[in-house]
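# Remarks on the overall topology
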Amino acid sequence: MGAAMRRIHVGNALSAFGLGFTVPYLYVYVAQVRGLGAMTAGLVLAVFAVAALVVLPFAGRAIVRRGPLPVLLTALVTAALGALSLGVASSAAAVLVSASLLGAGQAVMQPALATMIVDCSSAETRSRAFAMQFFLQNLGLGVGGLIGGHLVDTSSAASFTLLFAIEAAMFLLLVVVMVTVRMPHAPRIGDAPAAGRGSWKQLMGNRAMVQLCVLGFVLFFACYGQFESGLSAYGVEAAGISTSALGTALAANTLMIVVAQFAVLRFVERRRRSRVIAAVGLIWAVAWAVAGYAGLGHGSQEMATAAFVATYALFGLGEAMLSPTVAPLVADLAPEGMAGQYNSAFALVKQLALAVGPAVGGPLGASLHAPYIAAFLVFSLGITVLAVRLGRRLTEAQDQPWLGRSRVVARGGAPVSADV
């Protein structure tokens, strides 16, 4: 890794650490510590999703025009202001405004950092760069959540103020680190004006990217959108999982990612990207079947708990396979100079899935146990089908980047076949 890539990875770790520091405790902070009630706390969580949906369509255009670094710095300062104000907010209006700033800043960080990784990597190093990003994000979230949990005290608002102040400090420290990054020259809208006109229309005309966005929505809806809503509700209601066992399951997911990430990378980096994603769908189908046994089987409570923990671990294995596959594919589908637009579009799809997933999965997992498992098992098999169909639209260089003689993957090229 060059110096720029090392700083970018430090930035990913710091931003994830800051998020892990506060996000798990937002509901408790708003509803109980500030005494604003469950409805306001729920609105705060919704504001995060809404803020992301509002800013991401403009973030891509800004990254293409100005480059990812200025956009990232703006997002970091915005998030720091949101975190600081959230730590001292005592009214519902102040909390919601602060959450909107923090949510908007966090949302824009993702495509900005992803575009910086694209600009600082080659076709040969991009999969490893994104695998490292995912590894550090999960490590940062886990460590941040662990330390944050030992600092908070629900009887003291000051402890939460300290928590949000430390999160803001992480974002400002990241500003200092990122200012030192020397980005290689990458085409911007000023260098290639034709690429900027009607960029969203141009993106929608890229059939492979549209199919990848549909696939991405199902991926995030059927996995991440269920972790802390539908699947946890199903575990508690159907399988009788305790809160401590639920925490163990989440830890198993993170541990699987941290342990397996680079072993998995060796396996996937010489295989077709579309087939790797298809394999993830099959793994997640097995995960949902195991979850079905946990809640609908007639084994002992110990067996149900073990099966539930195994479900989260299997999801983690699939996530480790996706990290060096999907994000580089988004970048390689983008025409020259448009990686920021494509990264932002995919981040927007992710946010939509994360907003819809809990709303659908939560009530279903809590009350309709068998239909819930059956539905998401079908969604997982759908991932496999969609991935196979996507593979037919990709060029050899996009689906198998190691085959190219050049170090630069062909971007936005004509598909091998237009037939689905």
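Residues numbered from 1 in each chain as written. Predicted model: local features only at pLDDT ≥ 70, side-chain atom pairs only at ≥ 80, totals over all residues. Heavy atoms only, no water.

When helices and strands are counted, the protein chain shows 19 helices and 0 strands. Taking 22 Å as the expected radius of gyration for a compact globule of 420 residues, we find that the protein chain reaches 21 Å, a close match to that expectation. Taken along the three principal axes of its C-alpha coordinates, the protein chain extends 55 × 50 × 35 Å. Burial status across the protein chain gives 52% buried among its 420 residues. Only carbon and sulfur atoms are counted for the fraction: they give 67% of the accessible area of the protein chain, which is about 17,000 Å². Each charge class in the protein chain can be summarised by its mean position, and for the 26 positive and 15 negative side chains these summaries are 10 Å apart. (Helix = DSSP H or I, 4+ residues; strand = E, 2+ residues; numbered from the N terminus. Rg over C-alpha atoms; globule rule 2.2 N^0.38 Å. Buried < 20%, exposed > 50% of the residue type's maximum accessible area, 1.4 Å probe, protein only. Areas by Shrake-Rupley, 256 points an atom, 1.4 Å probe, with all protein chains shown as cover. Lys, Arg positive; Asp, Glu negative; His and termini not counted. Charge placed at Lys NZ, Arg CZ, Asp CG, Glu CD.)

In the structure shown here, the tally under the stated rule is 15 aromatic pairs. For the pair Phe-220 and Phe-346, a centre-to-centre distance of 6.0 Å together with 65° between the ring planes defines the contact as edge-to-face. Taken together, the residues span a long stretch of sequence, with Phe-220 in helix α10 (residues 207–222) and Phe-346 in helix α17 (residues 339–367) at a distance of 126 residues. For the pair formed by Phe-220 and Phe-346, the shared burial category is buried. Through a chain of ring-to-ring contacts, three or more aromatic side chains come together here, namely Phe-217, Phe-221, Tyr-234, Trp-284, Trp-288, Phe-315, Tyr-372, Phe-376 and Phe-379. One cation-aromatic arrangement involves Arg-271 over Phe-267; the distance from NZ or CZ to the ring centre is 4.0 Å. (Phe/Tyr/Trp six-rings, centres within 6.5 Å; stacked < 30°, edge-to-face > 60°. Lys NZ or Arg CZ within 6 Å of the ring centre and 35° of its normal.)

Before going further, it helps to spend a moment on the environment of Thr-161. Looking at the element boundaries, Thr-161 is found in helix α7 (residues 157–179). Spatially, the C-alpha atom of Thr-161 lies 7.8 Å from that of Leu-84, the residues being 77 residues apart in sequence. Sequence-distant contacts of Thr-161, defined by excluding residues within four places in its chain, comprise Arg-34, Gly-87 and Val-88. (Contact = heavy atoms within 4.5 Å.)

This part covers the environment of Ala-310. With respect to the element layout, Ala-310 can be found in helix α15 (residues 301–322). Residues Ala-310 and Val-71 lie 239 residues apart in sequence; the distance between their C-alpha atoms is 40 Å.

Here we come to helix α2 (residues 26–33). Restricting attention to buried positions, one finds in α2 the residues Leu-26, Tyr-29, Val-30, Ala-31 and Val-33. Elements in contact with the buried residues of α2: α1 (3–22), α3 (37–66), α4 (68–88), α5 (92–119) and α7.

Below, the discussion takes up the confidence of the model for the protein chain. Scored by pLDDT, the protein chain has a mean of 81; 90% of the residues are at 70 or more. Contacts for the low-pLDDT stretch residues 187–197, under 50 throughout, to residues beyond four places or in other chains number 20 contacts. Contacts for the low-pLDDT stretch residues 405–420, under 50 throughout, to residues beyond four places or in other chains number 40 contacts. (pLDDT = per-residue confidence, 0-100.)

Side-chain pairs of opposite charge can arise whenever the charged atoms involved come near each other. Inspection of the entire model under this criterion finds 3 salt bridges. When the shortest N-O distance is used, the salt bridge between Asp-399 and Arg-272 registers 3.2 Å. Within this pair, whereas Asp-399 is found in helix α19 (residues 396–399), its partner Arg-272 is found in the loop between α13 (243–268) and α14 (273–296), the two being separated by 127 residues in sequence. In this structure, Arg-273 engages Asp-332 in a salt bridge whose closest nitrogen and oxygen atoms are separated by 2.8 Å. On the criterion of sequence distance, the pair formed by Arg-273 in helix α14 and Asp-332 in helix α16 (residues 326–333) is long-range, its members being 59 residues apart. Where salt bridges share partners, they join Arg-272, Glu-396 and Asp-399 into one cluster. (Salt bridge = Lys/Arg side-chain N within 4 Å of Asp/Glu carboxyl O.)

Within the secondary structure, Gln-106 is located in helix α5. The exposure class assigned to Gln-106 is buried, which follows from its relative accessible area of 11%. When sequence neighbours within four positions are dropped, the list of residues in contact with Gln-106 reads Leu-19, Phe-48, Ala-79, Glu-167 and Phe-171.

Quick look at the state of the cysteines now. With the rule as written, the count across this model stands at 0 disulfides. Here Cys-213 is not cross-linked by a disulfide; its sulfur's nearest cysteine counterpart is in Cys-223, at 18 Å. Judged by relative accessible area, which is 1%, Cys-223 ranks as buried. (Disulfide = S-S within 2.5 Å.)

A separate point is a nonpolar patch on the surface. Where nonpolar side chains cluster on the molecular surface, the patch consists of Leu-139, Val-143, Leu-146, Ile-147 and Leu-151 and spans about 390 Å² of accessible area. Relative to the assigned elements, Val-143 resides in helix α6 (residues 126–151). Residue Val-143 is classed as partly exposed on the basis of its relative accessible area, which comes to 37%. (Patch = residues over 30% accessible without salt bridge, like charges linked within 9 Å, V, L, I, M, F, W, Y side chains within 5 Å.)

Moving on, we get to the nonpolar core. One finds Met-209, Leu-212, Leu-231, Trp-284 and Phe-308 to be the most contacted residues of the largest nonpolar core, which totals 64 residues. Looking at this core, the elements that each hand over two or more residues are α10, α12 (230–237), α13, α14, α15, α16, α17 and α18 (369–391). Leave out the neighbours within four places in its chain, and Leu-212 touches Leu-329, Val-330, Leu-333, Phe-346 and Leu-390. Formed by 54 residues, the second largest nonpolar core is a distinct cluster that contains Ala-41, Ala-79, Ala-83 and Ala-114. (Core = buried A, V, L, I, M, F, W, Y, C linked by side-chain atoms within 4.5 Å.)

Interaxial distance between α1 and α5 falls to 10 Å at its minimum, and their mutual angle equals 160°. Accordingly, the angle class assigned to the pair α1 and α5 is roughly antiparallel. The chirality of how α1 crosses α5 is left-handed. From α1, Met-5, Ile-8, His-9, Asn-12, Ser-15 and Leu-19 reach across to α5, where they touch Gln-106, Met-109, Leu-113, Met-116 and Ile-117. Residues of the contact of α1 with α5, tallied by class, amount to 7 nonpolar, 4 polar and no charged. (Axes fitted to C-alpha atoms, helices over the stretch in contact; angles between N-to-C directions. Parallel < 35°, antiparallel > 145°, perpendicular 65-115°, else oblique. Left-handed = near helix turned anticlockwise from the far one by under 90°. Nonpolar A, V, L, I, M, F, W, Y, C, P; charged D, E, K, R; others polar.)

So, about the packing of α1 against α7. Closest axis-to-axis distance for the α1/α7 pair is 9 Å, and the angle between their directions is 170°. Relative to α7, the element α1 lies roughly antiparallel. Contacts between α1 and α7 involve Arg-7, Ile-8, Val-10, Gly-11, Leu-14, Ser-15, Phe-17, Gly-18, Leu-19, Phe-21 and Thr-22 on the former and, on the latter, Leu-163, Phe-164, Ile-166, Glu-167, Met-170, Phe-171, Leu-173, Leu-174, Val-177 and Met-178. The class makeup of the residues in the contact of α1 with α7 is 15 nonpolar, 4 polar and 2 charged.

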